[in-house]
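Remarks on the overall topology
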Amino acid sequence: MDYEHKARAVGECLLSYKRDESGWRVCKKSNDVVVSWRPSSEFPGNVYKGEGIVSGCPEKVWECLKPVTNGLRVKWDNNVKKFELLEQITEDISICRTVTPSAAMGIIAPRDFVDVILVKQYEDGTISSNATNVSHPCCPPQSGYVRGFNHPCGCICVPISGEPNKTQVLSFFQTDLGGFLPRSVVDSFFPSSMAEFYSNLANAVKSLKPL
């Protein structure tokens, strides 16, 4: 499998989601975050978009989000129980396994996901993680976990002009959770889970010492 090509393609895909404002329907809104959805063109489900402003410079926000082993994300993100590096392809592309705990009061069993992840930095200071599912020879499906599949997803940290201590965070999720979950369970899980993601991220950034 050409992991590098797939990673570069998912980076372009997320940029297109960021630029294309058409078809999004708001499904959850609070003071801190707006969660929208539209039908996915990647699989028979929805792609969800979160938009929020987090207090903290992009570097601090990214410190909490970056996809690395022993990183901060497993400490604050309730949907990430374990994060493992399977293979480093290039300096900015890796193959990783993410383990998620059971959710929705036990209706959703523990899952694991194997993704190629591209970390990309742009000239304007934007930093993004871009991921999509792949197979990897050293990580076949394992007992005790339902193998899920992430379609192009990730997080984008965008600097806000004139507001150096604030960051716009865009998140995109379109996940086939696998198994035999009712569609209604999946559709109710993601919006509330994404709102919680922003709340927990904001608290994690707040607790970081100055960089």
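Before going into details, it helps to say that this report is about the structure given with it. Note that this is a predicted model, so its numbers are computed, not measured. Here, residues in each chain are numbered from 1, in the same order as that chain's written sequence. Given that the model is predicted, a residue must reach a pLDDT of at least 70 before its local features are reported, and side-chain atom pairs must reach 80 or more before they are shown or counted; all residues, however, enter totals for whole chains, interfaces and linings. Excluded from the side-chain calculation are hydrogens and water; included are all heavy atoms of the structure.

Structural notes on the overall build of the protein
To keep things clear, this is the line we draw: What counts as a helix is a DSSP run of H or I of at least four residues, what counts as a strand is a run of E of at least two, and both are numbered from the N terminus. Radius of gyration: over C-alpha atoms. The globule rule applied is 2.2 Å multiplied by the number of residues raised to the 0.38 power. Summary of the burial criterion: residues with accessible area below 20% of their type's maximum are buried, those above 50% are exposed, and those between are partly exposed, where the area comes from a 1.4 Å probe applied to protein chains only. Throughout, a residue-residue contact means that at least one pair of heavy atoms, one from each residue, lies within 4.5 Å. All accessible areas in this document rest on Shrake-Rupley with a 1.4 Å probe, and a residue is counted as covered only by the protein chains that are shown.
The helix and strand tally for the protein stands at 4 helices and 12 strands. Compactness check: the protein gives a C-alpha radius of gyration of 16 Å against a globular reference of 17 Å for 211 residues, within 12% of the reference. With respect to the principal axes defined by its C-alpha atoms, the protein has extents near 50 × 40 × 35 Å. The 211 residues of the protein split such that 49% are buried. When contacts within the protein are restricted to residue pairs at least 6 apart in sequence, those whose partners lie at least 24 apart make up 58%. Here the protein has roughly 10,700 Å² of accessible surface; of this, 52% comes from carbon and sulfur atoms.

Remarks on unusual backbone geometry
Positive phi, normally seen in glycine, also occurs at Asn70, with a value near 60 degrees. Examined against the element boundaries, Asn70 turns out to sit in the loop between α2 (58–65) and α3 (73–76). Residue classification places Asn70 among the exposed residues on the basis of a relative accessible area of 78%.

Details of the nonpolar core
Rules: Think of a nonpolar core as a cluster: buried Ala, Val, Leu, Ile, Met, Phe, Trp, Tyr and Cys residues, connected wherever their side-chain atoms sit within 4.5 Å.
Of all hydrophobic cores here, the largest spans 29 residues; its most connected members are Val61, Leu65, Trp76, Val169, Phe190, Phe197 and Leu201. Secondary-structure elements contributing two or more residues to this core are β2 (33–39), β3 (46–55), α2, β10 (153–160), β11 (163–173) and α4 (183–207). The element that contributes the greatest number of residues to this core is α4, accounting for 11 residues. Not counting chain neighbours up to four residues away, the residues in contact with Val61 comprise Val54, Gly56, Cys157, Thr167, Val169, Leu201 and Val205.

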